[in-house]
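Residue-level listing of the chains:
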Amino acid sequence: MYRGINFASGGSGLSDGTGRALLRYFSGVVKHMTQLSGANKTASLLRKSIFVVSVGSNDMFEYSASRGDDYAFLTGLVTTYKRYITALYEMGARKLSVVSIPPLGCLPSQRLRRLQQLGTQGCFDPLNDLSLRSYPMLAAMLEELARELPGMAYSLADAYAMVAFVLDNPRTQAWSFTELEAACCGGGPFGAAYPCNQTAPVCGDRDGHLFWDANHPTQAVSLIAAQTIFAGNGTFVNPINVRDLALLVL
């Protein structure tokens, strides 16, 4: 646990039902580390550590199934986000790498959703609109929080802009994607009608696909994202990248 822990959980989110347990797990780890190493050493380690936070997509999926007031939903989402980051700060976190919500409407599952609901091809625009509107609200919240919490520093990755850039530029010197819509693993339209399981067909060139299954990117896309989040410029990562975040002495 002194070398890093992954608290990621399938289906997790910001709602009370999906978010509280993960904070409780982290709180338990901090208490255990304090018992083993003492409060000062634990606080020092946490202060130097980078906390990667990528959350909110599942909350949007759930909300989009029965939409109401979009602004109220997004405001509530960001308010809850702020509460969780504040809780992490109070437990010792100081450096945060936050990844915003990507264009969810372009996932294979959501392309299939549009096809089934509207009978047309393309991204599911209502979900993309929510994703796009969430970014400036998240950015403003983090900027405000950094002013309120002494010693807090963060790097915010614009996942929407990152994915949009790849969709607009599928072939560059750094990558070459030949399939931007269908999943590599799965069946039916967009590879999203049948789940990616032990019987599902798998594409021959997974590195040429943007999506691995109905809702997740391939390893090739994840590598590009990781490199951009770590060393990217202000186009996709603000106010600093994770490399500079790591070098900060707080």
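Residues numbered from 1 in each chain as written. Predicted model: local features only at pLDDT ≥ 70, side-chain atom pairs only at ≥ 80, totals over all residues. Heavy atoms only, no water.

Chemist: Break down the packing of helix α3 (residues 57-64) against helix α6 (residues 125-148) for me, with residues and values.
Modeler: Where α3 meets α6, the closest approach of the two axes is 10 Å, and the angle between their N-to-C directions is 135°. Overall, the two elements α3 and α6 adopt an arrangement that is oblique. The interaxial crossing formed by α3 with α6 has right-handed handedness. Together, M60, F61, Y63 and S64 of α3 and L127, L130, S131 and S134 of α6 make up the contact between the two elements. Taken together, the residues of the contact of α3 with α6 sort by class into five nonpolar, three polar and no charged. (Axes fitted to C-alpha atoms, helices over the stretch in contact; angles between N-to-C directions. Helix = DSSP H or I, 4+ residues; strand = E, 2+ residues; numbered from the N terminus. Parallel < 35°, antiparallel > 145°, perpendicular 65-115°, else oblique. Left-handed = near helix turned anticlockwise from the far one by under 90°. Contact = heavy atoms within 4.5 Å. Nonpolar A, V, L, I, M, F, W, Y, C, P; charged D, E, K, R; others polar.)

Chemist: With reference to specific residues and values, describe the pattern of salt bridges.
Modeler: Counting across every chain of the model gives eight salt bridges. Residue R147 is joined to E143 by a salt bridge in which the shortest nitrogen-to-oxygen separation is 3.7 Å. Remark: E143 and R147 occur in helix α6; sequence separation between them is four residues, near one turn of the helix. When salt bridges with common partners are traced through the structure, they connect R67, D70, D129 and R133 into a single cluster. (Salt bridge = Lys/Arg side-chain N within 4 Å of Asp/Glu carboxyl O.)

Chemist: So what's going on with the nonpolar core? Which residues, and what values?
Modeler: Counting 48 residues, the largest nonpolar core has M60, Y81, L96 and L142 as the members making the most contacts within it. A total of ten residues in this core trace back to one element, the largest contributor, which is helix α4 (residues 70-90). Apart from the residues within four sequence positions on either side, L142 is in contact with I85, V98, M152, Y154 and L156. Counting residues in hydrophobic clusters, the runner-up holds eight residues, among them V99, A159, M162 and I229. (Core = buried A, V, L, I, M, F, W, Y, C linked by side-chain atoms within 4.5 Å. Buried < 20%, exposed > 50% of the residue type's maximum accessible area, 1.4 Å probe, protein only.)

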